[in-house]
Amino acid sequence: MHISVKPHPQFPAIYQVTLEDGAQRLATRNLTPGRNVYGERLIRFEGVEYRVWDAFRSKLAAAINKNLKTVPIKPNHTVLYLGAASGTTASHVSDIVGEKGRVYCVEFASRAIRELVNNVCAYRVNMLPILEDARFPEKYAVFVSGKVDDIYCDIAQPEQAKVLADNADLFLKKHGWIMLAVKSQSIDVTKEPSEVYKQETKVLKNRGFDIEEIVHLEPYDKAHAMIVARFY
Amino acid sequence: MKATIVKCSFGIFAFSEENALVEKVLFPKNPQNAAKTITKIESGKIVDEVARLIKLVKKKGYDKFVFENANLAKEAEKLGIATEVAKPSRAGELVRSNMERFAVETGFVKNVEEFNVWTHNVTMEIAKLRVKGAVEKRDLIIAQAIQTLDDLDKTINLFMSRVREWYGIHFPELDRLVDKHEAYARLILELGNRENFTVEALEKQDVPKSKSEQIAKTAEASMGADLAEADLKQIQSLCKDVLNLYQLRENMEKYLETAMEEVAPNVKAIVGALLGARLIAISGGLTNLARRPASTIQVLGAEKALFRALKSGARPPKHGIIFQHTYLHEAKKWQRGKIARALAGKLAIAARSDAFGGRYIGDDLKADLEKRLEEIREKYTEPPQVPEKKPQQEKKWRKNKRAHKR
Ligand SMILES: C[S@@+](CC[C@H](N)C(=O)[O-])C[C@H]1O[C@@H](n2cnc3c(N)ncnc32)[C@H](O)[C@@H]1O
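Residues numbered from 1 in each chain as written. Chains lettered and ligands numbered in written order. Predicted model: local features only at pLDDT ≥ 70, side-chain atom pairs only at ≥ 80, totals over all residues. Heavy atoms only, no water.

## Comments concerning the overall build of chain B
- Scanning chain B from terminus to terminus reveals 21 helices and 5 strands.
- The burial tally for chain B puts 47% of its 406 residues in the buried class.
- Sequence-distant contacts, at least 24 apart, represent 62% of the contacts inside chain B between residues at least 6 apart. (Helix = DSSP H or I, 4+ residues; strand = E, 2+ residues; numbered from the N terminus. Buried < 20%, exposed > 50% of the residue type's maximum accessible area, 1.4 Å probe, protein only. Contact = heavy atoms within 4.5 Å.)

Listed below in structure tokens is the structure:
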């Protein structure tokens, strides 16, 4: 069987790949041809290079595979990415928004950002590394010009929803979208996962968000969910 | 007249109270220099650019300066300038919401595309500056924090044995009835004299019903001596301080959770924040821990026993401080050596990827480890034929633990 690539039926700039053995994978169009970020496979199809998007490594891909209805991140968007780590998911977001888009990558662990800076942002002009703590958004306000279209938050910390809302107050456009990856264990180990999701959505609602949907990420990620919401 | 000073990625600016631009000093168009200047300004240094701007603005008749950065305001004050702090300032918000346009209007760049490249390069340079030397120091701070936590435990234990002995003159039976130090101290602080240890009062302090009844009954029949008000007050004031120490301990623990997530998330995923921090402290830093082979990590904290074994040819200790992990102290004795080896192996990988810029692989490592544990538990359900001799070290740990739990 030959490899084939076709656009995702719903989401612009996201692709579906059928591999030699018939397996289905997600992919994005590589903004930096010839270069991969986390060991993912590069595929050429009809003269274009794509990066296979591993749903076991990226919660956004996992959520799409689990039939997320809305993926607010689109071409030309400006995205604030909280908890970018070494850029696994953020690099796919960078592919999606494309050359005219922009991804502000906030990450406070210098260990992780080292890779992000040297191996990812160095080659992607649309990705800006910001070594700051997401809990203090005023500290990086100087680098964020204007308001952003979407905020993606995956910081695996207690009070994630609050941190996200604080950032939204400062940076998110009216009617802008957020995606929040909730890791139930990092918030309160003693609670059942679904209990935690409820609690986090409550925080978001109180801070002016309309919850669009919640998808659970099993089997890609245990005790994880992705919350998509809109800002009013 | 008041002027507001606003810093951007390409220069610093002074605005009037009507938010009109009064003066500007643009940074040289070199991202590396700009990054250095911005970092210095953030830490509150009055760099040349800032000094120049203040001079220019003063000439125009402004005599009060509003800063968004409190450090900078403090430094400016030292130079005899009247300052105020506003964060964020209106002018600052205005600039940030139209940064691209502003950059073009001030003539720093020709167009938006050029500005985007500039911002990218400056943020890159700032991130690089920050990365330099950041990890090495943070791990030493963590080492101090965990040692403080251990000191707190020792201090609390010390004070509490005093409290128990002291209050024991009045109500000796309570010592056996309330095991937890914190609960014991709180009861004395809240209830005081043993006459007040009634069922209702105890239940109000969250003591379960049957326990409350038992304590109340014992209080009534207590053999202890009476206690004067003034004597009781002294004991209570010590209890209060101990409870404050518990509060401090809790804060320190929370701090360590966050700090470890930042500095060593992989190690944290496997052994938790506290034990992970202890391993870093014993090794004298994260890099040192990461340079150790798994076999050394396995016995870290048991150096004395190890050297004794090497000298005398006795059986070496199977595990050091990692014995504190629940995997180990809940395991069957004959399985511990194998579990310790598996745990140390994963720890070595985790520490390396934390120290040398690896990715987050904590969840995978933990899943692997748990699989291996399951194998060990299944394969070695029965104790081996020849009973093992208990190593010295192990006994010591258990004793310590019991003393601590009390
Ligand atoms: C689960 S990882 C993110 C993985 C990433 N989203 C991906 O899919 O490639 C969480 C990251 O958030 C970072 N983080 C946690 N708390 C943070 C905070 N307060 N500010 C900035 N980053 C934070 C951690 O250092 C870690 O790298």
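## Some details on the overall build of chain A
- Each helix and strand in chain A was counted, giving 6 helices and 12 strands.
- For chain A, buried positions account for 62% of its 232 residues.
- Residue pairs in contact within chain A that sit at least 24 positions apart in sequence constitute 59% of those at least 6 positions apart.
- Total accessible area on chain A stands at roughly 9500 Å², and carbon and sulfur atoms take up 48% of it. (Areas by Shrake-Rupley, 256 points an atom, 1.4 Å probe, with all protein chains shown as cover.)

## Some points on the nonpolar core
- In terms of nonpolar packing, the biggest core is built from 73 residues, with L82, Y140, I151, I178, L180 and F209 of chain A together with F10 of chain B touching the most fellow members.
- The element best represented in this core is helix 4 (residues 160-171) of chain A, accounting for 6 residues.
- Residues L256, L300, I321 and A340 of chain B belong to the second largest nonpolar core, which totals 46 residues. (Core = buried A, V, L, I, M, F, W, Y, C linked by side-chain atoms within 4.5 Å.)

## Comments concerning helix 6 (residues 193-206) of chain A
- Its 14 residues place the ends of helix 6 of chain A 20 Å apart at the C-alpha level, agreeing with the 20 Å of an ideal helix rising 1.5 Å per residue.
- Phi for G208 of chain A, located one or two positions after helix 6 of chain A, is positive at around 95°. (Expected span 1.5 Å × (residues − 1).)

## Looking at the packing of helix 12 (residues 229-263) of chain B against helix 14 (residues 273-283) of chain B
Residues and elements named next belong to chain B.
- Contact geometry for helix 12 and helix 14: axes closest at 9 Å, N-to-C directions at 75°. By the angle between their axes, helix 12 is roughly perpendicular relative to helix 14. Here E253, L256, E257 and M260 of helix 12 lie close against helix 14, whose contacting residues are A273, L274, G276, A277 and I280.
- Residue classes in the contact of helix 12 with helix 14 are distributed as 6 nonpolar, 1 polar and 2 charged. (Axes fitted to C-alpha atoms, helices over the stretch in contact; angles between N-to-C directions. Parallel < 35°, antiparallel > 145°, perpendicular 65-115°, else oblique. Nonpolar A, V, L, I, M, F, W, Y, C, P; charged D, E, K, R; others polar.)

## Remarks on the packing of helix 4 of chain A against helix 6 of chain A
Residues and elements named next belong to chain A.
- Axis separation between helix 4 and helix 6 bottoms out at 9 Å; the angle between their running directions is 20°. When the interaxial angle is binned, helix 4 and helix 6 end up roughly parallel. Relative to helix 6, the crossing made by helix 4 is right-handed. Facing helix 4, whose interface residues are Q160, A161, K162 and L164, helix 6 presents E200, V203 and L204.
- Among the residues forming the contact of helix 4 with helix 6, the class breakdown is 4 nonpolar, 1 polar and 2 charged. (Left-handed = near helix turned anticlockwise from the far one by under 90°.)

## A look at the interface of chain A and chain B
- With 35 residues of chain A at the contact, the number on the chain B side is 35 residues.
- Where chain A touches chain B, the interface holds 2 salt bridges.
- Between R102 of chain A and E100 of chain B there is a salt bridge whose closest N-O contact spans 3.3 Å.
- Across the chain A-chain B interface, the total number found is 8 residue pairs in polar contact (both at pLDDT 80 or more).
- Its residues assigned to classes, the side of chain A that touches chain B shows 18 nonpolar, 7 polar and 10 charged. (Salt bridge = Lys/Arg side-chain N within 4 Å of Asp/Glu carboxyl O. Polar contact = N/O pair within 3.5 Å; in protein donor to acceptor, adjacent residues only side chain to side chain.)

## Describing empty space enclosed by the protein
- For the structure on display, the rule yields 2 cavities of 30 Å³ or more.
- Its volume calculated, the largest cavity comes out at about 60 Å³.
- Residue lining of the largest cavity: P129, I130, L131, E132 and F143 of chain A together with E42, T123, I126, A127 and R130 of chain B, and that is the complete set.
- At the level of secondary structure, the elements contributing two or more residues to the lining of the largest cavity comprise strand 8 (127-130) of chain A together with helix 6 (112-131) of chain B.
- It is helix 6 of chain B that provides the largest number of residues to the lining of the largest cavity, a total of 4 residues.
- Residues of the lining of the largest cavity, tallied by class, amount to 6 nonpolar, 1 polar and 3 charged. (1 Å grid on protein atoms, 1.4 Å probe; cavity = no way out; pocket = protein on both sides within 12 Å on 5 of 7 lines; lining within 4 Å. Points joined across faces, edges and corners; volume = space filled by probe spheres on them.)

## Topic: helix 4 (residues 90-97) of chain B
Residue and element names in this part refer to chain B.
- Residues of helix 4 that are buried include every one of A91, G92, V95 and R96, and no others. Taken around the axis of helix 4, the buried residues stretch over an arc of 130°, which confines them to a single face.
- At its buried positions, helix 4 is contacted by strand 1 (2-7), strand 2 (11-15) and helix 5 (99-105). (Arc of directions from axis to C-beta.)

## A closer look at the site of the ligand
Residues and elements named next belong to chain A.
- For the ligand, the set of nearby residues contains 16 residues, the closest of which are Y81, T89, E107, D133 and A134.
- At 3.2 Å, a backbone N or O of G83 approaches a nitrogen atom of the ligand.
- In this structure, T89 approaches the ligand through a side-chain N or O atom, which is 2.6 Å from an oxygen atom.
- Contact with the protein chains hides 92% of the accessible area of the ligand, taken as 600 Å² for the molecule alone.
- Considering only residue class, the shell around the ligand consists of 6 nonpolar, 4 polar and 6 charged. (Near = heavy atom within 4 Å.)

## Notes on the pattern of salt bridges
- Going through the model one piece at a time under the given rule, you end up with 38 salt bridges over all chains.
- The shortest N-O distance in the salt bridge between K69 of chain A and E213 of chain A comes to 3.9 Å. Residue K69 of chain A is found in the loop between helix 1 (59-65) and strand 6 (78-82), and its partner E213 of chain A is found in strand 11 (residues 209-216); the two are separated by 144 residues along the sequence.
- Residue classification places E213 of chain A among the buried positions, given a relative accessible area of 8%.
- Measuring nitrogen to oxygen at the nearest pair gives 3.3 Å for the salt bridge that ties E105 of chain B to R101 of chain B. You can see E105 of chain B and its partner R101 of chain B sitting in helix 5, 4 residues apart, about one turn around the helix.
- The network of salt bridges with common partners includes E40, R51, D95 and R124 of chain A.

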